Amino acid sequence: MKKTILIVSPFVFGVGGVAVAVSSIGRELNEVGYETIFLTQGTSTVVRRTPEARPFPTFGAYFRVPHQSIKSWVAFLLTSPIAIFSYFHFLLSKRVTTVLVQYPMPGFALFVGVCRLLHIPVCTTFQGSDAHSLPTLSRSEKCLLKWLLLRSKRVTTVSSSLAEKVADFLPQLDASKIIVIPNGTPPASQFQCPPRGPKIKIVGVGKLIERKGFDVLIRAIDLLQPNAIEIECQIIGDGPLRDDLVALIDDCNLGQAIFLLGNLEHEAVLTTLEQSDIFVL
């Protein structure tokens, strides 16, 4: 009988780094013989199969988090017994043997507690902004997330800097439980680099937020204009700074050199990378 691995994440399929990583992990686990199912945010307190067509069995549930108001706590306390019963039934009926929490949210704490009662091991992974946002959580959110992490068998991060943020957030977490596992990438042999053309082709990929520094990339290309270096730059991704970056491109008179492509499907991202000379992060 195949072992069933459940991946729990607010992002499961589509564009975005977390969704791409999560769907890739599920695909790779399937290829090596595991059965993979997904649980993500839904609208019902009980776990239900999502109506959308997905490449893997996908279920949704509303993971409630109590906030400061009395009304919020009352709703949490009233719905928790129903949610707990649903979690038990779901995990047992699907014969889940391992749970991977990708991009942990405070609302997942109750579900992880049920996993613990059933002796199902839980591995929690921080992907990026989930670790960056730890200091901004409310008191109740911090308590729930700390409770979740202390009940995880392992806590992994995709970089050493994220591991440091998690350790700072929860000093009592055993350091040996925190493991850095970088994101994977297709083997270099899969990329067929095209011959160099007259232009240097640059590509950047990421959410259009300040931390990604795409404004720095645009200004750097602007500095090269007096040298008559022909450059074509494609930036893949979307976000709140899109309008600011468009304005900066216009101010630098780089409209014929820099193109914001928005969000692309994963395969299209790989194709664009393959056709470029330089990747900038």
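No experiment lies behind these values; they were computed from the predicted model shown.

### Quick word on the overall build of the protein
Tallying secondary structure elements over the protein gives nine helices and 12 strands in all. Counting only C-alpha atoms, the protein reaches 65 × 45 × 40 Å along its principal axes. For the protein, with 281 residues in total, the buried portion stands at 42%. Restricting to contacts in the protein with at least 6 residues of sequence separation, those with at least 24 account for 67%. Counting only carbon and sulfur atoms, one obtains 57% of the accessible surface of the protein, whose full area is about 15,600 Å². One way to put it: in the protein the 27 positive side-chain charges average out to a point 15 Å from where the 23 negative ones average out.

### A look at a nonpolar patch on the surface
A contiguous nonpolar patch, built from Ile70, Val74 and Leu78 and spanning about 340 Å² of accessible area, is present on the exposed surface. Counting through the fold element by element, Ile70 comes out in helix α2 (residues 70-93).

### Section: the environment of Pro240
Note on placement: Pro240 falls in the loop between β10 (231-236) and α8 (242-251). As a C-alpha pair, Pro240 and Pro121 span 119 residues in sequence and 37 Å in three-dimensional space. Ignoring sequence-local partners within four residues, the contact set of Pro240 consists of Lys207, Leu208 and Ile209.

### Some words on the pairing of β10
Sheet topology places strand β9 (residues 200-205) next to β10; six bridges connect them, and they run parallel. Bridging from a neighbouring strand, Val203 pairs with Gln234 of β10. What joins β9 to β10 is helix α7 (residues 214-224), and the crossover it makes is right-handed. With four bridges joining them, β10 and strand β11 (residues 258-262) adopt parallel strand pairing. Each bridged residue has a counterpart across the sheet, and for Gln234 the counterpart in β11 is Phe259. You can see the chain leave β10, run along α8 and come back into β11, and the turn it takes is right-handed.

### Here we look at the packing of α7 against α8
Describing two packed helices takes the angle between their axes plus the distance from one axis to the other. For the pair α7 and α8, the least separation of the axes is 10 Å and the interaxial angle reads 10°. By the angle class used here, α7 and α8 are roughly parallel. Where α7 abuts α8, its residues Phe214, Asp215, Ile218 and Arg219 lie against Leu245, Leu248 and Ile249. Among the residues making up the contact of α7 with α8, the classes are represented as five nonpolar, no polar and two charged.

### A short note on the layout of surface pockets
Volume-wise, the second largest pocket comes out at about 190 Å³. Taken together, 16 residues form the lining of the second largest pocket, with Tyr103, Pro104, Met105, Pro106 and Leu137 sitting closest to its centre. Elements with a contribution of two residues or more to the lining of the second largest pocket: α4 (129-132) and α5 (139-150). Taken together, the residues of the lining of the second largest pocket sort by class into nine nonpolar, five polar and two charged.

Thresholds applied
- Throughout, a residue's number is its position along its own chain's written sequence, starting from 1.
- Where local features are concerned, this predicted model is filtered to residues with pLDDT of at least 70; where side-chain atom pairs are given and counted, the filter is 80 or more; whole-chain, interface and lining totals use all residues.
- Heavy atoms throughout the structure, all of them, feed into the side-chain values; hydrogens and water do not.
- Runs of E in the DSSP output that reach at least two residues are strands. Runs of H or I that reach at least four are helices, and both are numbered from the N terminus.
- Throughout, exposure labels follow a simple rule: accessible area from a 1.4 Å probe, protein chains only, divided by the maximum for the residue type, with under 20% read as buried, over 50% as exposed, and the rest as partly exposed.
- A contact between two residues is defined here by any heavy atoms of the two lying within 4.5 Å.
- Only the protein chains shown count as cover for residues, with accessible areas throughout obtained via the Shrake-Rupley method and a probe of 1.4 Å.
- In summary, the charge assignment counts Lys and Arg as positive and Asp and Glu as negative, without counting His or the chain termini.
- The location of each charge is read from NZ of Lys, CZ of Arg, CG of Asp or CD of Glu.
- Each patch is built from residues that are more than 30% exposed by relative accessible area and take part in no salt bridge. Like charges join if they lie within 9 Å; nonpolar side chains (Val, Leu, Ile, Met, Phe, Trp, Tyr) join within 5 Å.
- Each salt bridge in this description consists of a side-chain nitrogen of Lys or Arg and a carboxyl oxygen of Asp or Glu lying within 4 Å of one another.
- In short, DSSP must find at least two bridges between two strands for them to pair.
- Handedness of a crossover is defined as follows: with both strands directed away from the viewer, a clockwise route from the first strand across the helix to the second makes it right-handed.
- Fitted lines through C-alpha atoms serve as axes, helices being fitted only where they are in contact, and the angles separating the N-to-C directions of these axes extend from 0 to 180 degrees.
- Roughly parallel means an angle under 35 degrees; roughly antiparallel means over 145; roughly perpendicular covers 65 to 115; every other angle is labelled oblique.
- All amino acids are sorted into three groups, where Ala, Val, Leu, Ile, Met, Phe, Trp, Tyr, Cys and Pro are nonpolar, Asp, Glu, Lys and Arg are charged, and the leftover types, Gly among them, are polar.
- Only protein atoms enter the 1 Å grid, on which a cavity is a set of points fitting a 1.4 Å probe that cannot get out and a pocket is an open set with protein on both sides within 12 Å along at least 5 of 7 lines, lining residues being those with an atom within 4 Å of a point.
- Grid points are joined across faces, edges and corners, and a volume is the space filled by probe spheres set on the points.

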